[in-house]
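Report on the structure
What follows is the residue order along each chain.
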Amino acid sequence: MHQLGPPIGTGPLAKREARLAWGLLFPTIFAVSTVVLLPLLAIFWISFKPVELADLRAPEVVLREDIRGDADHVGATPLIRYRLRNSSQEQPIHDVTFSDRIPEGLSVLELDPRCRVSDRDLTCDLGDWDAGARETLTIPVEVQQTYLTNGLRPQDSPAVTTGVSSNVLTNATFTFENFTRVFNGGEFLEVLWVTLFYTVFGTVGTLVVGLFAALLLNKSFKGQGILRGLYLFPYVAPVIAVAFAWLILFDPFSGSANALLMQMGVTQQSINFFGERPLALIMVTVFEIWRYFPLSFLFILARMQSIDTDMYEAADMDGASPFQQFWYLSVPQLLGILSVLFLLRFIWTFNKFDDIFLLTGGNAGTRTLTVDVYEQAFAISNLGAGAAVAVVIFGCLLTFSIFFLKYVSREEGL
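None of these values were measured; they are calculated from a predicted model.

**What to know about the overall build of the protein**
Assigned secondary structure in the protein consists of 14 helices and 8 strands. Relative to the 2.2 N^0.38 estimate, which gives 22 Å for 414 residues, the radius of gyration of the protein is 34 Å and therefore markedly larger than a compact globule would have. Dimensions along the principal axes, computed over C-alpha positions, put the protein at roughly 115 × 90 × 45 Å. Looking at the protein as a whole, 36% of its 414 residues qualify as buried. Considering only residue pairs separated by 6 or more positions, the protein has 74% of its internal contacts joining residues 24 or more positions apart.

**Remarks on the state of the cysteines**
All told, the structure shown has 1 disulfide when counted by the stated rule. Cys-115 shares a disulfide with Cys-124; S-S distance 1.9 Å. Handedness of the Cys-115-Cys-124 disulfide follows from its S-S torsion of about 110°: it is right-handed. For the pair shown, Cys-115 and Cys-124 are each scored as buried.

**Quick notes on the packing of helix α4 (residues 187-216) against helix α9 (residues 279-304)**
Across the interface, α4 lies against α9 with an axial gap of 6 Å and an inter-helix angle of 40°. Regarding the angle of α4 to α9, the classification is oblique. Viewed along their axes, α4 and α9 form a crossing whose handedness is right-handed.

**Section: the sheet that holds strand β7 (residues 134-143)**
Pairing is antiparallel across the open sheet formed by 4 strands, whose spatial order is β1-β2-β7-β4. Whereas interior strands pair on both sides, the edge strands pair on one side only; in this sheet they are β1 (61-68) and β4 (106-108). Averaged over all pairs of adjacent strands, the angle between strand axes in this sheet comes to 30°, irrespective of strand direction. Inspection of the sheet shows β4 paired to β7 by 3 bridges, in the antiparallel sense. From the neighbouring strand, Leu-106 faces β7, where its bridge partner is Val-143.

**With respect to the packing of aromatic side chains**
Remark: the centre distance and the inter-plane angle together describe each pair of aromatic rings, the angle taken between the planes. For the structure shown, the criterion picks out 29 aromatic pairs. Ring plane angle 45° and centroid distance 5.1 Å describe the contact between Phe-48 and Phe-179, whose orientation is recorded as tilted. Taken as a pair, Phe-48 in the loop between α1 (12-47) and β1 and Phe-179 in helix α3 (residues 177-184) lie far apart in primary sequence, 131 residues in all. Taking the centre distance of 6.0 Å and the plane angle of 35° together, the rings of Phe-342 and Phe-346 count as tilted.

**Remarks on the pattern of salt bridges**
The final tally for this structure, using the stated rule, is 11 salt bridges. Linking Lys-352 and Asp-354 is a salt bridge whose minimum nitrogen-to-oxygen distance equals 3.8 Å. One network of salt bridges, with partners in common, ties together Asp-66, Arg-81 and Arg-83.

**Some remarks on a nonpolar patch on the surface**
Together, Leu-196, Val-200, Phe-201, Val-204, Val-208, Phe-212 and Leu-215 line one region of the surface with nonpolar side chains, adding up to about 570 Å² of accessible area. Structurally, Phe-212 can be placed in helix α4.

**Topic: the sheet that holds strand β6 (residues 121-129)**
One open sheet accounts for 4 strands, arranged β5-β6-β3-β8; its pairing is antiparallel. Only two strands of the sheet have a single partner each, and these edge strands are β5 (115-118) and β8 (160-165). Ignoring strand direction, the axes of neighbouring strands in this sheet form an average angle of 15°. Bridge count for strand β3 (residues 93-101) against β6 is 7 bridges, and the pairing is antiparallel. In the sheet register, Phe-98 faces β6, and the bridge partner there is Cys-124.

Calculation criteria
- Residue positions are given per chain, counted from 1 along the sequence in the order it is written.
- Where local features are concerned, this predicted model is filtered to residues with pLDDT of at least 70; where side-chain atom pairs are given and counted, the filter is 80 or more; whole-chain, interface and lining totals use all residues.
- The side-chain numbers reported here are obtained from all heavy atoms of the structure, hydrogens and water having been left aside.
- Strands here mean DSSP runs of E at least two residues long; helices mean DSSP runs of H or I at least four residues long; both are numbered from the N terminus.
- This radius of gyration counts C-alpha atoms alone. The globule rule is 2.2 Å times how many residues there are, raised to the power 0.38.
- Each residue gets one of three labels from its accessible area relative to the maximum for its type: buried under 20%, exposed over 50%, partly exposed in between, using a 1.4 Å probe on protein chains only.
- Residue contacts are counted whenever heavy atoms from the two residues lie within 4.5 Å of one another.
- Counting rule for disulfides: a pair of cysteine sulfur atoms within 2.5 Å.
- Inter-axis angles, ranging from 0 to 180 degrees, are taken between N-to-C directions of lines fitted to C-alpha atoms, where helices are fitted over the stretch in contact.
- Working rule for angles: under 35 degrees goes down as roughly parallel, over 145 as roughly antiparallel, 65 to 115 as roughly perpendicular, anything else as oblique.
- Definitions for this section: a left-handed crossing has its near helix turned counterclockwise from the far helix by less than a right angle. A right-handed crossing has that turn clockwise.
- Two strands make a pair as long as DSSP finds a minimum of two bridges between them.
- Note on aromatic contacts: the rings of Phe and Tyr and the six-membered ring of Trp form a pair at centre separations within 6.5 Å, being stacked when their planes are under 30 degrees apart, edge-to-face when over 60 apart, and tilted otherwise.
- Only one rule defines a salt bridge in this text: a Lys or Arg side-chain nitrogen within 4 Å of an Asp or Glu carboxyl oxygen.
- The residues that make up patches have over 30% relative accessible area and no salt bridge, and they are joined within 9 Å when like-charged or within 5 Å when they are Val, Leu, Ile, Met, Phe, Trp or Tyr.
- Accessible areas in this description were obtained via Shrake-Rupley with a 1.4 Å probe; residue shielding takes into account the shown protein chains only.

Any link to function would need more than the numbers given here.
So this is what it looks like as structure tokens:
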């Protein structure tokens, strides 16, 4: 058979519609790409820069101006004092200048060789300054009657400073020292292992508990709605509230959990659940499972209720046990949603920071890569090293996502 006309979707009208569609989508694509890519590029850029927290503010000339001496009568000779300093202790400032306006009624008696006055406009050229440089200029003046009557003072006309400095964030200085510091430290492998333990067991536990919760509520019974609402409580409750509730519950001195265990004779002394290795890591992982299983529960339950019940009726008539029905009928139907949930929960748990930071602060063997980002960037003020750890996190998640989407999801038909 001969095809009449151009193939569907390749004609002039289809091409015009495609261009129009892309044109309408371009603002959205551009906005999303900007929001996603710019911070990512900034992190990569900072990771190769020797930048600390103090370097976020570019070096500048800080100036304070006041008048010293008696200036309350005509003929007095006070001093106008300018105190200047370089705000940076590491970066120099070149071509430092400042300008000010001398109040009317003050007559300049002597001038620094680097300064000049033109119609009461003072300009000083102070040259190049080293890091942390300080200087004080004093200009003797004579008080006239106009100064006493007009009420103007030197501080009323703020001095303007200028200077040229190199900003470490924008200059051409790059280094691999940040990555060397991250990988050379013996603690990196320990932090990576803690992160993987927390992520893998937290993700798998969330899916398993969510699956069992969905199986329990997949049948209709009285009070089902109330129980579903209670299941959602860990996920919808504010994280700071539930974290401190856990800390109070498992407190080694006044916690209810320790009191109960000691009364039952399980232990003779109180247990520091969030302060001992490896118990602290196990506890934060259990907290992760408890807090985020409702999300898995909702998705799995929705998928379960969309499965055709005729399969279960036929299997029941053939004598299949409940476990056989679950394993051979339910699990194959749930593999798709379980794969998606595993990918999402793995990424989210790998990036989790607030839960661990609120519970342990990263102490007692619970320091993950995200906590390490905070420690490097803010605790020791090394933004470059913190950005380098963030790049490592991005690389780990990108590698995992590519592997998962290429191999695991293909096997599941996603």
